[in-house]
Amino acid sequence: PEILKNMDVRVLPLKYTIDGKTYDLAQYKMGTDYVEGSMVTHDVLYKDSYYLKNIYLDAVRALDVVALLPEVDSKKIVTFGESQGGALSIAASALGDKSVKCYSSVPSYGCLWDRVERGTGVFKAVNIVLGQHPELTDEIFDTLTYFDSNNMVSLLKVPVHFTLGLSDPTCVPEFVYSFYHHTNSEKELTISPFTGHRSSDEYLLKVFTDLSEMAEK
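So, a few notes on the structure that sits alongside this text.

Calculation criteria
- Residues numbered from 1 in each chain as written.
- Predicted model: local features only at pLDDT ≥ 70, side-chain atom pairs only at ≥ 80, totals over all residues.
- Heavy atoms only, no water.
- Helix = DSSP H or I, 4+ residues; strand = E, 2+ residues; numbered from the N terminus.
- Buried < 20%, exposed > 50% of the residue type's maximum accessible area, 1.4 Å probe, protein only.
- Polar contact = N/O pair within 3.5 Å; in protein donor to acceptor, adjacent residues only side chain to side chain.
- Core = buried A, V, L, I, M, F, W, Y, C linked by side-chain atoms within 4.5 Å.
- Contact = heavy atoms within 4.5 Å.
- Pairing = 2+ DSSP bridges.
- Arc of directions from axis to C-beta.

### With respect to the environment of D142
Relative to the helices and strands, D142 is located in helix α5 (residues 137–146). Using a relative accessible area of 42% as the deciding quantity, one classes D142 as partly exposed. Considered as a pair, D142 and K47 are 95 residues apart in the sequence and their alpha carbons are 8.7 Å apart. A polar contact of 3.4 Å, which involves the side chain of D142, links it to the side chain of K47.

### A short note on the nonpolar core
With 39 residues, the main nonpolar core has Y56, Y109 and L144 as its most contacted residues. Only α1 (51–68), α2 (84–95), α3 (112–118), α4 (124–132), α5, α6 (150–153) and β3 (160–165) provide two or more residues apiece to this core. The biggest single contributor to this core is α1, with eight residues. The next biggest cluster of nonpolar side chains, apart from the first, holds six residues, and it includes M7, Y103, V207 and F208.

### Some points on helix α7 (residues 173–182)
Taken residue by residue, α7 has P173, F175, V176, S178 and F179 as its buried positions. Residues of α7 that are buried make contact with α2, α3, α6 and β3.

### Notes on the pairing of strand β2 (residues 101–105)
Regular strands place side chains that alternate from one sheet face to the opposite one. The buried fraction of β2 amounts to five of the five residues, a majority that puts the element mostly inside the structure. Across the two faces of β2 the burial is the same, with K101, Y103 and S105 and C102 and S104 all buried. Relative to β2, strand β1 (residues 78–82) runs parallel, the two being bridged by five bridges. Residue pairing for β2: E82 is matched across the bridge by S105.

### Considering α5
Among all positions of α5, only I140, F141, T143 and L144 are buried. Take α5 and look down its axis: the buried residues cluster within an arc of 160°, on one side only. Exposed side chains of α5 directed beyond 90 degrees from the buried face belong to D138 and Y146. Contacts made by the buried residues of α5 are with α3 and α4.

This is the structure in structure tokens:
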């Protein structure tokens, strides 16, 4: 963001897409047909190689690398993400030990049973698979519930700031509130009326203000 150019802040972005613009070295056994949201079906029958496991561990490892960079103050590392990035922000802070604060905007990958039943966002792909193969329901949800981000927020030991949009059709308000409810560390929730699946200006202002104050200390 333009505002960060005026701060002494370094940013390491992580991007995951299925449009050929990012490179995935994983060799998946199933679910790689190119359909909208198909990445969440990649090895959904196999916990050890499931897509979500890979990107969660990528996020944790990214912080390990950042902490080694000479220009980075390892005591001021934070995570921030929106949607899928919101879930990765949680994973990196909960499963790793390098972050001092977590910002998670309209986080995805929680309440996955409901996400699949409603077919919201990328989990429409799983809904389609189960419509065609209902005999796989137990196996698929055994994997999905294992990687549900609601299982990670209770592991957070650092402060976390969530936001939800009351008009979000993808990560609906009750899904995001579930993250907040299950968090045991210091927590804050910004609720944004008339806001869809995005970070509100109010939330971003709070985040950038926090970062500015942290950078100046």
